[in-house]
Every structure is written in C-alpha cells, then in structure tokens.
Amino acid sequence: MVNSSQSTPQHIAIIMDGNGRWAQQRGHSRTVGHVKGVDALRETIRTCDAIGVAYLTVFAFSAENWQRPPSEVIFLLRLFRTVLLREVQEMHRNNIKLKVVGDLAAFDQDLCRVIDQVEKMTEKNTGLVLTICANYSGRWDVTQAAEKAFAEIGASKLQEKDITKRLAMAYAPEPDLLIRTGGELRISNFMLWSLAYTELYFSELNWPDFDEPALQEAIAAFQLRDRRFGGLSKQASKQASKQASKQASKQ
Ligand code: FPP
C-alpha cells in the first residue's frame, strides 16, 4: 500500500521497456509482447487515475524505434491506432484528457486524423492527463523548443524558461517520478530537459508484468526519497541556519 503521509507524485513518466523480451521468453513473437503491453498500460492508467496522479506520460514509440524491422514498426503503429480508437470512449467516460506528443508529421494522414480525433474528444476533460509520446525524442523536443525561442526572442536574450515553456509538454509540471521497466538503467532520449530533478526508478520487470502492486511499490519508493532540488533537506537546512546564527553571535 502507498504511504499516504508523503504526497502522491503529481506527474509520473514511464519508459515501458521489455515487451519484446517478455514475449520471447515465452516463445512468442515480439509483437505479442506489445499487445500484452497495452493491458499493462490500461492497468497503470486506472491505478494512476484512482490514486490521484494528475499527469501520466508514457513513451510508446521513440524517434529511434524506426530502426526496428519494418514489420515491427508497422505493427506498433497499427496497434497504436487501434488502441486509440478502442480505448478513447472509456477514457472519455473516466474524464481522462488524452494528448499525443512527438514529431507527428512523420505519421500517415489516417493516424494523424485519429490522433486529432481522440485529442479533440477528450480536450475538455479535467481528470488525469495522459500523454502518449510517439515519434518522440528528448533532443527533438529541446531542438524544436529552441528553434521557436530563437525565432521569437533571438539568441542573445534567451533564458532557460524560454525553452521550458516551448517544450512539447509545457502544459505539464516536470515529472516527479520516472519509471523504467525491463532492467535497463538509462533514459534513452526521453524527456531530457524536464527530467533534471526527477526521481528515477528502475524495475527489473518487463513492461507486460508491471502491474498495480509494482506501480504501488515504485510510488512507495518515491515517497521515501528526500528531494532537495540542489538545496538541503528541511532538517539539514534548519541545522545549518542554527549553526550559522551561533557562529554569527560569537563574532
Ligand atoms: C519497448 O519494449 C516498448 C515499445 C517500443 C513499445 C511500447 C508500446 C506499448 C507498451 C504498447 C502499448 C502502447 C500504445 C500506446 C499502443 P521493447 O520492444 O523495446 O522490448 P525489448 O527491450 O524487450 O526488446
């Protein structure tokens, strides 16, 4: 059970890795793992919604995933389309707002139309904001934000916040918790700019096995973290100012 004395992360981002291995370990083709991955995603969305997470962002298709065999790419994009159309009604009923973020110009017109349709249908919803990152890369995101900022402000006056507010997910706070499944310990070009102070959690489970208890465990681990954002913990901060005023009174 989640320890409710610490706050629930407002924004959880997930790298859903290990679908292929999950399938291969069971003698199936990799695509079976992606289909099972959809079930894990559905369960994660339900749990996040139920426990009051405000933003859930998932990495569904990276800009680098085009390097996979064409049959897998085609399968993933078809699955993406099917899932959007099949799940949107239920999401809408649950007041979920669906956003798809990435370099969408690379997708065919039909997929773009479906993306547009599901976003429009759910745009006024006020519950969980689910962002699906598709043909997304962190470097692409920073580059597109920087290009806009240069054009609008000019290079000499540019400040960090000018990039931040032009990122593809500028509507969301920075993730509090990043979960990566599948046992790999890397960020893989996900939300590079916004992950600066995000707590990282790596799970050995392959994505299709990442169920509600696994998510609760990740959140519980997050709640034990001491987030200092480059400063000091509250206790250390108090101690430091006490010591400083003692020193000052001696002088
Ligand atoms: C990584 O596993 C997973 C992906 C590249 C695709 C993620 C897609 C889903 C979870 C399907 C559901 C999502 C939507 C929105 C349709 P991998 O293939 O890299 O696994 P491996 O590391 O074991 O090879």
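Residues numbered from 1 in each chain as written. Predicted model: local features only at pLDDT ≥ 70, side-chain atom pairs only at ≥ 80, totals over all residues. Heavy atoms only, no water.

**Q** What should I look at first to understand the side chain of asparagine 135 in this one?
**A** On the secondary structure map, asparagine 135 appears in strand E4 (residues 129–136). Judged by relative accessible area, which is 6%, asparagine 135 ranks as buried. Engagement of the side chain of asparagine 135 in a polar contact is seen with the backbone oxygen of aspartate 103, the distance being 2.8 Å. Setting aside residues no more than four positions away along its own chain, asparagine 135 makes contact with Phe61, Ser62, Ala63, Trp66, Gly102, Asp103, Ala106 and Phe107. (Helix = DSSP H or I, 4+ residues; strand = E, 2+ residues; numbered from the N terminus. Buried < 20%, exposed > 50% of the residue type's maximum accessible area, 1.4 Å probe, protein only. Polar contact = N/O pair within 3.5 Å; in protein donor to acceptor, adjacent residues only side chain to side chain. Contact = heavy atoms within 4.5 Å.)

**Q** Sorry if this is basic, but what is going on with the site of the ligand here?
**A** In the vicinity of the ligand, 17 residues are found, and the nearest of them are Asp17, Gly20, Arg21, Arg30 and Arg68. Here arginine 21 contributes a backbone N or O atom positioned 2.7 Å from an oxygen atom of the ligand. Expressed as a share of its isolated accessible area of 620 Å², the protein-covered part of the ligand is 92%. It is helix H2 (residues 30–51) that contributes the most residues to the shell around the ligand, four residues altogether. The residue makeup of the shell around the ligand, split by class, is eight nonpolar, five polar and four charged. (Near = heavy atom within 4 Å. Areas by Shrake-Rupley, 256 points an atom, 1.4 Å probe, with all protein chains shown as cover. Nonpolar A, V, L, I, M, F, W, Y, C, P; charged D, E, K, R; others polar.)

**Q** Before we go on, may I ask you to explain H2 in this structure?
**A** Helical geometry note: an α-helix holds 3.6 residues per turn, so side chains three or four residues apart project in the same direction. The terminal C-alpha atoms of H2 lie 32 Å apart, and with 22 residues this matches the ideal 32 Å at 1.5 Å per residue to within 8%. Looking at H2, one finds that the buried residues are Gly33, His34, Gly37, Val38, Ala40, Leu41, Thr44, Ile45, Thr47 and Cys48. Remark: glycine 52 follows H2 within two positions and exhibits a positive phi of approximately 90°. (Expected span 1.5 Å × (residues − 1).)

**Q** In this structure, what is going on with the pairing of strand E6 (residues 199–202)? I would like to understand it.
**A** The side chains of a regular strand alternate between both faces of the sheet. Alternating positions in E6 separate cleanly, Glu199 and Tyr201 being buried on one face and Leu200 and Phe202 remaining unburied on the opposite face. Bridge count for strand E5 (residues 177–180) against E6 is four bridges, and the pairing is parallel. Bridging from a neighbouring strand, isoleucine 179 pairs with tyrosine 201 of E6. (Pairing = 2+ DSSP bridges.)

**Q** How should I be thinking about the environment of leucine 177 in this particular structure?
**A** Examined against the element boundaries, leucine 177 turns out to sit in strand E5. Using a relative accessible area of 0% as the deciding quantity, one classes leucine 177 as buried. Measuring from C-alpha to C-alpha, the distance between leucine 177 and tryptophan 66 comes to 27 Å, with 111 residues separating the pair along the chain. Leaving out residues up to four positions away in the same chain, leucine 177 has contacts with Pro9, His11, Ile12, Ala13, Thr198, Glu199, Tyr201, Ala218, Ile219 and Phe222.

**Q** Help me understand the pairing of strand E3 (residues 97–101) in this model?
**A** Two elements, E3 and E4, share five bridges in a ladder whose sense is parallel. Bridge pairing in E4 links lysine 97 to valine 129. Taken together, E3, helix H4 (residues 109–122) and E4 form a β-α-β motif whose crossover is left-handed. (Right-handed = clockwise from strand over helix to strand, strands pointing away.)

**Q** What exactly am I supposed to notice about a nonpolar patch on the surface here?
**A** Side chains of Leu185, Leu200 and Phe202 sit close together on the surface and give an oily, nonpolar patch of about 270 Å² of accessible area. Within the secondary structure, leucine 200 sits in strand E6. Residue leucine 200 is classed as partly exposed on the basis of its relative accessible area, which comes to 32%. (Patch = residues over 30% accessible without salt bridge, like charges linked within 9 Å, V, L, I, M, F, W, Y side chains within 5 Å. Salt bridge = Lys/Arg side-chain N within 4 Å of Asp/Glu carboxyl O.)

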